[in-house]
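Take a look at the letters that make up each chain.
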Amino acid sequence: MSRKILITGSNGLLGQKLLHVLSNGANELAGIDIVSGSFVSDVEHQYHRVDLTDKRLIFEKISEIEPQIIIHTAAMTMVDKCEQEKEACWNINVKATDHIITPARKIGAKVIFISSDYVFDGKKGPYTENDLPRPINYYGKSKLAAENILRGSDLNWAIVRTIVLYGVGIKVRASFVTWLLHELRNGKSVNIVNDQWGNGTIVDDLAAGIERIISLDKTGIYNIASHEFISRYNFAIKVAKYFKLNIDLINSITTKELKQPALRPLRSGLDISKAERELYISFRTINEALGLYAKQEKN
């Protein structure tokens, strides 16, 4: 049976990957984003330019498309910018989510919302789906507020929390791994924090997990990330070693030394055992993920 799936933020890293992963005979795909055309030309899908902060327009567009499933990936994710431009962050991350819920209710669509480890304070990670959120920056607060709007609705919903997303895409904002490789390949030294811990996520694993949530019709909250709980500095060293780059260019510093506008959760990370168990899936180790990244980058 054909499923109609709408992806918000379809030109982003995750949006692009979802278009590829979900492009099979069982799905009819549509994407919406803020720019004038789709970056993905090799997957058959409808594309619509829509500003998600425009309540009337998003209601009309979703009512017109009539998807059975809406995957809401669009967000303002630049953490320091969210701290400095709180109104813009709230409009994009919270109000836009609320704008999607009304037409979703009208047509009976399921909403899958992409959230973040930043809903936690980073004092005792890795976190399970049942741990109590306590965000310490505005980005985290906006993602938690959007989660709560969805959880308080009468919709069929799922929330997917992820962390430090990276991968290969077209015209996408540089992820941590992409930025790091660019700097090291150009012989530039980088300062990487040694006191932020987590388990970063290759976008392919996140998209595969979302596909399982759809195919198994799962609801509730799921954490999706990689297996290894590691400091950002040691992660950078692993990346450099895998790509045979100069690790002496990587300097270890503390988060405090960066003097960033937004606080960061230090001991973060996500426990992925529920997702692996209930979605019947195994997520990659760092080296497996970097192997996939290298292959895609070459292509």
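Within each chain, residue numbers correspond to sequence positions counted from 1 in written order. pLDDT decides what is reported in this predicted model: residues at 70 or higher carry local features, side-chain atom pairs at 80 or more are listed and counted, and totals for whole chains, interfaces and linings draw on all residues regardless. Remark: hydrogens and water are excluded; side-chain values derive from all non-hydrogen atoms of the structure.

Colleague: I would appreciate a short explanation of the sheet that holds strand β11 (residues 220–223) in the present structure.
Modeller: Two strands in a sheet stick together by hydrogen bonds in their backbones, pointing the same way (parallel) or opposite ways (antiparallel). We call two strands paired when DSSP finds no fewer than two bridges between them. We count a stretch as a helix when DSSP gives it H or I for four or more residues in a row; a strand needs E for two or more, and each element gets its number in order from the N terminus. With respect to topology, 7 strands assemble into an open sheet ordered β3-β2-β1-β4-β5-β6-β11, the strand pairing being parallel. Of all the strands in the sheet, just β3 (46–49) and β11 have a single pairing partner and so form its edges. Neighbour-to-neighbour, the strand axes of this sheet turn through a mean angle of 20°, independent of strand direction. Here strand β4 (residues 69–72) runs beside strand β5 (residues 110–116); their pairing, made up of 4 bridges, is parallel. Bridging from a neighbouring strand, His 72 pairs with Phe 113 of β5. On the sheet, helix α1 (residues 13–21) packs against β1 (3–8), β2 (27–33), β4 and β5 and is oriented at approximately 165° with respect to β1. Contacts are assigned to residue pairs with any non-hydrogen atoms lying within 4.5 Å of each other. Only C-alpha atoms enter the line fits that serve as axes; for helices the fit covers just the stretch in contact. Angles between N-to-C directions range over 0 to 180 degrees. Packing of helix α4 (residues 86–107) onto the sheet brings it into contact with β1, β4 and β5, and relative to β4 it is tilted by some 180°.

Colleague: Please clarify how unusual backbone geometry should be interpreted in this entry.
Modeller: Glycine aside, a negative phi is what most residues show, and trans is what most peptide bonds show. A cis amide bond, omega 0°, links Gly 125 with the succeeding residue Pro 126. Its identity is not glycine, yet Asp 217 carries a phi of approximately 55°, on the positive side. The phi dihedral of Lys 259 falls on the positive side, at around 50°, and the residue is not glycine.

Colleague: Please explain the packing of α1 against helix α7 (residues 203–215) as it appears in this structure.
Modeller: For the pair α1 and α7, the least separation of the axes is 9 Å and the interaxial angle reads 55°. In terms of axis orientation, α1 runs oblique to α7. Crossing of α1 over α7 shows right-handed handedness. Contacts between α1 and α7 involve Leu 13, Leu 14, Lys 17, Leu 18 and Val 21 on the former and, on the latter, Val 203, Asp 204, Leu 206, Ala 207, Ile 210 and Glu 211. Within the contact of α1 with α7, the residues separate by chemical class into 8 nonpolar, no polar and 3 charged. If an angle is under 35 degrees, it is roughly parallel; if it is over 145, roughly antiparallel; if it lies from 65 to 115, roughly perpendicular; otherwise it is oblique. Left-handed describes a crossing whose near helix is turned anticlockwise from the far helix by less than a right angle; the clockwise case is right-handed. Any residue outside Ala, Val, Leu, Ile, Met, Phe, Trp, Tyr, Cys, Pro, Asp, Glu, Lys and Arg is labelled polar, Gly included; the first ten of those are nonpolar and the last four are charged.

Colleague: For this particular structure, what's the right way to read the pattern of salt bridges?
Modeller: Pairing between side chains becomes possible if they bear opposite charge and their charged atoms approach one another. Salt bridges are defined as contacts in which a side-chain nitrogen from Lys or Arg sits within 4 Å of a carboxyl oxygen from Asp or Glu. Under the definition given, this model contains 13 salt bridges. Of the charged contacts, one joins Arg 264 and Asp 80 as a salt bridge, the two residues approaching to 2.7 Å between their closest N and O atoms. Within this pair, whereas Arg 264 is found in the loop between α9 (255–258) and α10 (273–278), its partner Asp 80 is found in helix α3 (residues 79–84), the two being separated by 184 residues in sequence. Accessibility assignment for this pair places Arg 264 and Asp 80 in one class, buried. Between Arg 134 and Asp 121 there is a salt bridge; the shortest N-O distance is 3.7 Å. Of this pair, Arg 134 sits in the loop between β5 and α5 (138–151) while Asp 121 is found in the loop between β5 and α5, placing the two residues 13 residues apart along the sequence. For each residue, the accessible area found with a 1.4 Å probe, counting protein chains only, is set against the maximum for its type, and the residue is called buried under 20%, exposed over 50%, and partly exposed in between.

Colleague: Help me out: how do you make sense of the packing of aromatic side chains in this one?
Modeller: One pair of aromatic rings is described through two measures. These are the centre distance and the angle between the planes. Classification of ring pairs rests on two measures: the distance between centres of Phe, Tyr or Trp rings, Trp counted by its six-membered ring, which must be within 6.5 Å, and the angle between planes, read as stacked under 30 degrees, edge-to-face over 60 and tilted in between. Counting across every chain of the model gives 10 aromatic pairs. Plain terms: the ring middles of Phe 176 and Trp 179 are 6.0 Å apart, the flat faces sit at 40° to each other, and that makes the pair tilted. With Phe 176 and Trp 179 both in helix α6 (residues 176–185), this residue pair falls 3 residues apart, about one helical turn. Ring pairing ties together the aromatic residues Tyr 166, Phe 176, Trp 179, Phe 235, Tyr 242, Phe 243 and Tyr 293, which thus form one cluster. Just above the ring of Trp 197 sits the side chain of Arg 267; from NZ or CZ to the centre is 5.6 Å. In this arrangement the basic side chain of Lys 274 is found over the ring face of Tyr 222, its NZ or CZ atom lying 4.4 Å from the centre. For a ring to carry a charge above it, either NZ of a lysine or CZ of an arginine must fall within 6 Å of the ring centroid while also lying within 35 degrees of the normal to the ring plane.

Colleague: What exactly am I supposed to notice about the side chain of Lys 143 here?
Modeller: Here Lys 143 shows up in helix α5. This buried residue, Lys 143, is left without a salt bridge; Glu 147 holds the nearest opposite charge, at 7.9 Å. Look past the residues within four positions of Lys 143 in its chain and what remains in contact with it is Ala 75, Asn 93, Phe 113, Ile 114, Ser 115, Ser 116 and Val 119. All tallies of charge rest on Lys and Arg as positive and Asp and Glu as negative; His and the ends of each chain are not included.

Colleague: When you look at the layout of surface pockets in this model, what are you seeing that I'm missing?
Modeller: Rolled over the atoms, a probe with the dimensions of a water molecule shows which regions are left empty. Cavity: a set of points on a 1 Å grid over the protein atoms alone where a 1.4 Å probe fits but cannot get out. Pocket: an open set with protein on both sides within 12 Å along at least five of seven lines, its lining residues, like those of a cavity, having an atom within 4 Å of a point. Grid points are joined across faces, edges and corners, and a volume is the space filled by probe spheres set on the points. Space inside the second largest pocket adds up to approximately 160 Å³. Classifying every residue of the lining of the second largest pocket gives 5 nonpolar, 2 polar and 3 charged.

Colleague: What is the right way to look at the nonpolar core in this model?
Modeller: A general tendency of soluble globular proteins is for nonpolar side chains to be buried together. Within this scheme, the nonpolar core is defined by two criteria: the residues are buried Ala, Val, Leu, Ile, Met, Phe, Trp, Tyr or Cys, and they are joined through side-chain atoms within 4.5 Å. In terms of nonpolar packing, the biggest core is built from 36 residues, with Ile 71, Ile 112 and Ile 210 touching the most fellow members. For this core, the secondary-structure elements that each account for two or more residues are β1, α1, β4, β5, β6 (157–162) and α7. Take this core: its biggest share by element is 6 residues, from α7. Among residues more than four places away in sequence, those in contact with Ile 210 are Leu 14, Leu 18, Ile 71, Ile 112, Ile 114, Val 160 and Ile 224.

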